[in-house]
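The residues making up each chain are set out below.
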Amino acid sequence: MHSTHAVLNRTVRSKDADLSACVWPEDAMHFIPDWVYTNEAVYGKEMELIFRGRTWNYVALEAEIPNSGDYKRSYVGDTPVVVSRAEDGSINVFENRCAHRGAEFCRHGQGNVKEFVCPYHQWSYDLKGNLQGVPFKRGVNKTGGMPKDFKNEEHGLKKLFVTTHRGVVFASYSADVEPIEEYLGPEMLKDFDVVFNGRKLKILGYYKNELPCNWKMYHENLKDPYHATLLHSFLVVFGLLVAGNKSAMIADSKHCRHGTMASAKSEDKYAVVSSENKKEMRSFHEGMHLRDDRFLEFVKEFDSEWSVTMQTVWPNLVVQREMNTLGVRQIVPNGPNSMLMQWTMFGYEDDTEEMTQHRLRQGNLMGPAGFLGLEDNEAMKFVQEGVRRSSSNTNVIKLDADRVGTSETLISEACIRGMYQYYRQVMGF
């Protein structure tokens, strides 16, 4: 049995090694081909055209690198990068790859340094990624060494373009990507700026986990309010996201690549669900209660109609506001069948100790083993297993079939359709 499985995996990889068979279904708006999740060549093209194309990729929060010499390891697509605060206060992003022999020189997740030194041959770089030192550059006893025309300034680290918006740091390989405010668009900025509102952030902690699924599935999951009221018992029983509540799935009007899943919690701690809706939601369990009801308390701290907003910013950022727990998630592709999720949870520096504890308590909703995150992770794993091994080859997205992008109903796949419409344009499918 084990050997058969191994042969099957090799066959799948071989079959999916090129783009020749990658033809999108004729009804492009209502079907997604399985190969977008499994094909190695498609994955490589995504890294080139999306992550290294005209996009702004989230890499860090300024609160993580407040001082000169502070740095953080990060990613743009699956490429490791370093985010560094230089002596002049500027923020710099460069590839975590020594310009000499390609070693990943930065080995710690975060820290403070005066320079970066490659452990292999000790080439050293300043906080902006410029080469500043080459051991034995002139050789020994006038023998060996670098050519006379070797110039340090021509051999620095690969640098990316950098921008920030209200303490959030983005990087791009493209010189002509639009300004970040235009990139996000007014629909996304409205809720993005609710969280990043000028108050100084206070980092509360980190999670990191691997998901055995394609990176696009995470975007789909948070553009898919349909599953939220069906999969997540916690959401529907405790009224955090319930069919019938005031809710919306909001896409950016320009490209439909970004999205915000939004909902307003009712005043009741426990959900009030109609008999008709209960019949549709197998995840609703009558009589389920928490031993500590403080978990469900919602302190209204923002000028917003929503108690929950989950924003997906193309191609690698999730901004979460689930009642009073706040955080960002960074999507890191790891081949077509795997991704890493890096979570950063935060509050504000002027929070009271009581509010900090409240945020930490509600933080149990999120993370790899959170009351909600755990179910999503398992569901996406099941989907990836299905598309890799099935003899079928398409996914159906026909809910709310005539709509693309924003929808005022939770029972819709309009935002997913919008995302793949943009994806096909960028990828040439």
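Provided above is the structure to which this section pertains.
Remember, it's a predicted structure, so these values are computed and weren't measured experimentally.

*Asks:* Give a detailed account of the packing of aromatic side chains, specifying residues and quantitative values.
*Replies:* We describe a pair of aromatic rings using the distance from one ring centre to the other and the angle between the two ring planes. For the structure on display, the rule yields 19 aromatic pairs. Aromatic pair Trp24 and Tyr423: ring centres 6.3 Å apart, planes at 55°, arrangement tilted. Of the two residues, Trp24 is situated in the loop between helix 1 (2-15) and strand 1 (31-33) and Tyr423 in helix 11 (residues 414-427); the sequence distance between them amounts to 399 residues. We note Lys45 situated over the ring of Phe429; from NZ or CZ to the ring centre the distance is 5.0 Å.

*Asks:* Hey, could you go over the sheet that holds strand 2 (residues 57-61) for me, with residue numbers and the actual values?
*Replies:* Taken in spatial order, the three strands make up an open sheet running 2-11-10, and their pairing is antiparallel. Edge positions in the open sheet fall to strand 2 and strand 10 (161-165), since each of these has one partner strand only. On average, each strand axis in the sheet is inclined to that of its neighbour by 30°, with strand direction left out of account. Note: strand 2 against strand 11 (residues 168-172), four bridges, orientation antiparallel.

*Asks:* An account of unusual backbone geometry is needed here, citing residue identities and associated values.
*Replies:* For the bond running from Trp314 to Pro315, omega is 5°, close enough to zero to count as cis. Inspection of the secondary structure puts Pro315 in the loop between strand 15 (308-313) and strand 16 (317-322). Non-glycine residue Met323 carries a positive phi angle of around 55°. Topologically, Met323 is positioned in the loop between strand 16 and strand 17 (325-333). A positive phi angle, close to 55°, is found at Asp400, a residue other than glycine. Mapped onto the elements of the fold, Asp400 is located in the loop between strand 19 (394-396) and helix 11. Its relative accessible area of 23% is what places Asp400 among the partly exposed residues.

Each value, and the rule that gives it
- Residues numbered from 1 in each chain as written.
- Predicted model: local features only at pLDDT ≥ 70, side-chain atom pairs only at ≥ 80, totals over all residues.
- Heavy atoms only, no water.
- Phe/Tyr/Trp six-rings, centres within 6.5 Å; stacked < 30°, edge-to-face > 60°.
- Helix = DSSP H or I, 4+ residues; strand = E, 2+ residues; numbered from the N terminus.
- Lys NZ or Arg CZ within 6 Å of the ring centre and 35° of its normal.
- Pairing = 2+ DSSP bridges.
- Axes fitted to C-alpha atoms, helices over the stretch in contact; angles between N-to-C directions.
- Buried < 20%, exposed > 50% of the residue type's maximum accessible area, 1.4 Å probe, protein only.

Any link to function would need more than the numbers given here.
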